[in-house]
Amino acid sequence: MLAEEYKRPEPLWPKKRLGEWFSIAKKGAGGWAFLLHRLTGILLVLYLFLHFYVLSTLSRGANAYDNLTVLMESPFLLLLELGLVAVIVYHGLNGIRLMLLTLNVGVKQQKEMFWVVMAITILTTIIAALFMF
Amino acid sequence: MAEITFKIFRYKPGVIDSPRYDTFKVDVEDYMTVLDVLEKLRLDDPTLTYRHSCHHGSCGTCGMLVNGKEVLACVTNVMELGTPVVTVEPLKNAPLISDLVVDMVPFFEKYGPVEMPLIRESEYLPEGKPSEEVGTYTRLESCLECGLCLSACPMVATDPDYMGPAALAAAARVVQEPRGQDAPAILKMVDNEQGCWRCHSAMECSEVCPNDVDPGGMIMYLRQKLISRKLKGHY
Ligand code: HEM
Ligand code: SF4
Ligand code: SF4
Ligand code: FES
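None of the values given here were measured: they were computed from a predicted structure. (Residues numbered from 1 in each chain as written. Chains lettered and ligands numbered in written order. Predicted model: local features only at pLDDT ≥ 70, side-chain atom pairs only at ≥ 80, totals over all residues. Heavy atoms only, no water.)

Caption draft 1: Broad picture of the packing of helix α6 (residues 165-176) of chain B against helix α7 (residues 183-190) of chain B. All names here are of chain B. Where α6 meets α7, the axes come as close as 9 Å, and the angle between the chain directions of the two elements is 150°. Classified by the interaxial angle, the pair formed by α6 and α7 is roughly antiparallel. Crossing handedness for the pair α6 and α7: left-handed. Only A183, I186, L187 and V190 of α7 make contact with α6, whose side of the interface consists of L168, A171, V174 and V175. Of the residues belonging to the contact of α6 with α7, the class tally is eight nonpolar, no polar and no charged. (Axes fitted to C-alpha atoms, helices over the stretch in contact; angles between N-to-C directions. Helix = DSSP H or I, 4+ residues; strand = E, 2+ residues; numbered from the N terminus. Parallel < 35°, antiparallel > 145°, perpendicular 65-115°, else oblique. Left-handed = near helix turned anticlockwise from the far one by under 90°. Contact = heavy atoms within 4.5 Å. Nonpolar A, V, L, I, M, F, W, Y, C, P; charged D, E, K, R; others polar.)

Put into structure tokens, the structure is as follows:
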């Protein structure tokens, strides 16, 4: 067959794949840092709305708010709150790591920086747990 | 020698229309690479398609996913993978043509415009002095144009117009050592949301790059350059 006659088959174009953000087939620590940062970022936005909701009960009087705060004493919600501590500390610290990277600071040490972020996050969460329970 | 099961992705418009995995049992010698196995399988099934040329990790044509990770098949030893089942798939984030072959045209369309000069003073020549920006010679023109980094990047996955790590690394290289190219123009070219600001520093590109180009680090270099220029413009 002449080259001119050859009709190249239409390639199968990949769809945009949001799944790649959350895929756990990560190749390195940086990939995990990215995934966790995105997840915690989204969780923080969701929490922000929950936070607004809780505060908005104040507009329905002190009683409504107090009733909610009683609910907060439940072990399940305390556990969620502990999760929130981890989420905030991780997102904040890794946010600093990301900003340093963007300034071209510590790029060669980005993995070590991630492990430090993780260590501080775990430590702070343990300390918070000791205070809460 | 050991018997290894190969799960190989198949797709061939007009022949295999819905993508599937074929399983092959292969007796693998200690020296064999994934590319060796593919060539062995091809003797029995000539329809199996994949790209390769050099067989020694310098042409960058044999990029594929082996056990989910972007590698050059020709320098990936099968036994060293240590898994009884080896999964072989085409690169991600690129149009699929046939089996393990993806269309590299979109990659080169992004890579080309940077026009990285390929002629360089050798770092081995006594008179070869690295430019001030480079400091010491590191082999940055090592890019094989294999596209592994684009396959690994979570941002390329969702933004087809993102320049991607390899082209940005080439751009950074031109900025570091222009060799007659217009460095400010290149900086301008990457200073947008489809350029160096799309990256979210996942560093997966640098993780899979077979030749230490460190595209992620090069993107951070571009950002630092742009930020410091902007700050200087303001004050
Ligand atoms: C402690 C202070 C915080 C710091 C230092 C910080 C830092 C950052 C940085 C640097 C990024 C960019 C990440 C990237 O390039 O991929 C980011 C993304 C994000 N942040 Fe924060 N952040 C903070 C607090 C928050 C809060 C309170 C929220 C929620 C209300 C939030 C929600 C998000 C979201 C949704 C993203 C986008 C996630 C993504 O692109 O992957 N952050 N943050
Ligand atoms: S930067 Fe590395 S992974 Fe990307 S195309 Fe070049 S050699 Fe391949
Ligand atoms: S560092 Fe940037 S370019 Fe490299 S894989 Fe991550 S998002 Fe993609
Ligand atoms: S065949 Fe050339 S890099 Fe693998």
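Caption draft 2: Here's a closer look at the domain arrangement of chain B. Residues and elements named next belong to chain B. Each domain of chain B was delimited in the assignment, giving domain 1 (2-102) and domain 2 (105-231). In this structure, domain 1 and domain 2 have C-alpha centres spaced 28 Å apart. Domain 1 puts 15 residues into the contact, and the matching count from domain 2 is 15 residues. Together domain 1 and domain 2 conceal approximately 970 Å² of surface at their shared face, both sides included; 60% is due to carbon and sulfur atoms. Linking domain 1 to domain 2 there are zero salt bridges. Summed over the shared surface of domain 1 and domain 2, the number is six residue pairs in polar contact (both at pLDDT 80 or more). Elements represented by at least two residues in the side of domain 1 that touches domain 2 include exactly β3 (63-66) and β4 (69-72). A total of four residues in the side of domain 1 that touches domain 2 trace back to one element, the largest contributor, which is β4. Grouping the constituent residues of the side of domain 1 that touches domain 2 by class yields seven nonpolar, five polar and three charged. (Domains from an automatic or database assignment. Buried area = accessible area lost by both parts, 1.4 Å probe. Salt bridge = Lys/Arg side-chain N within 4 Å of Asp/Glu carboxyl O. Polar contact = N/O pair within 3.5 Å; in protein donor to acceptor, adjacent residues only side chain to side chain.)

Caption draft 3: Fine view of the interface of chain A and chain B. Across the contact, 30 residues belong to chain A and 35 residues belong to chain B. With both sides pooled, the region where chain A packs onto chain B buries about 2700 Å², and carbon together with sulfur makes up 59% of that total. Considering only the side of chain A, the residues that lose the most area to chain B are L12, K27 and T102 of chain A, jointly responsible for 25% of the buried surface there. E70 of chain B serves as the salt-bridge partner of K27 of chain A, at 3.1 Å between the closest nitrogen and oxygen. The interface formed by chain A and chain B includes 13 residue pairs in polar contact (both at pLDDT 80 or more). Of all the elements in the fold, those that place two or more residues in the side of chain A that touches chain B are α1 (19-22), α2 (29-56), α4 (75-102) and α5 (110-132) of chain A. The biggest single contributor to the side of chain A that touches chain B is α2 of chain A, with four residues. Residues that form the side of chain A that touches chain B fall into these classes: 13 nonpolar, six polar and 11 charged.

Caption draft 4: Just the site of ligand 3, in detail. Close to ligand 3 lie C153, M155, Y162, P165, C199, H200, S201, A202, M203, E204, C205 and I219 of chain B. Class assignment for the residues of the shell around ligand 3 results in nine nonpolar, two polar and one charged. (Near = heavy atom within 4 Å.)

Caption draft 5: Region of the structure containing the site of ligand 1. Around ligand 1, a shell composed of H37, R38, G41, L44, V45, H91, G92, G95, L98 and M99 of chain A together with H200 of chain B is seen. Near ligand 1, residues from chains A and B are present, making the site a shared one. Within the side chain of H37 of chain A, an N or O atom sits 3.2 Å from a nitrogen atom of ligand 1. Between an oxygen atom of ligand 1 and a side-chain N or O atom of R38 of chain A, the distance comes to 2.6 Å. Elements that contribute at least two residues to the shell around ligand 1 include exactly α2 and α4 of chain A. Classifying every residue of the shell around ligand 1 by side-chain character gives four nonpolar, six polar and one charged.

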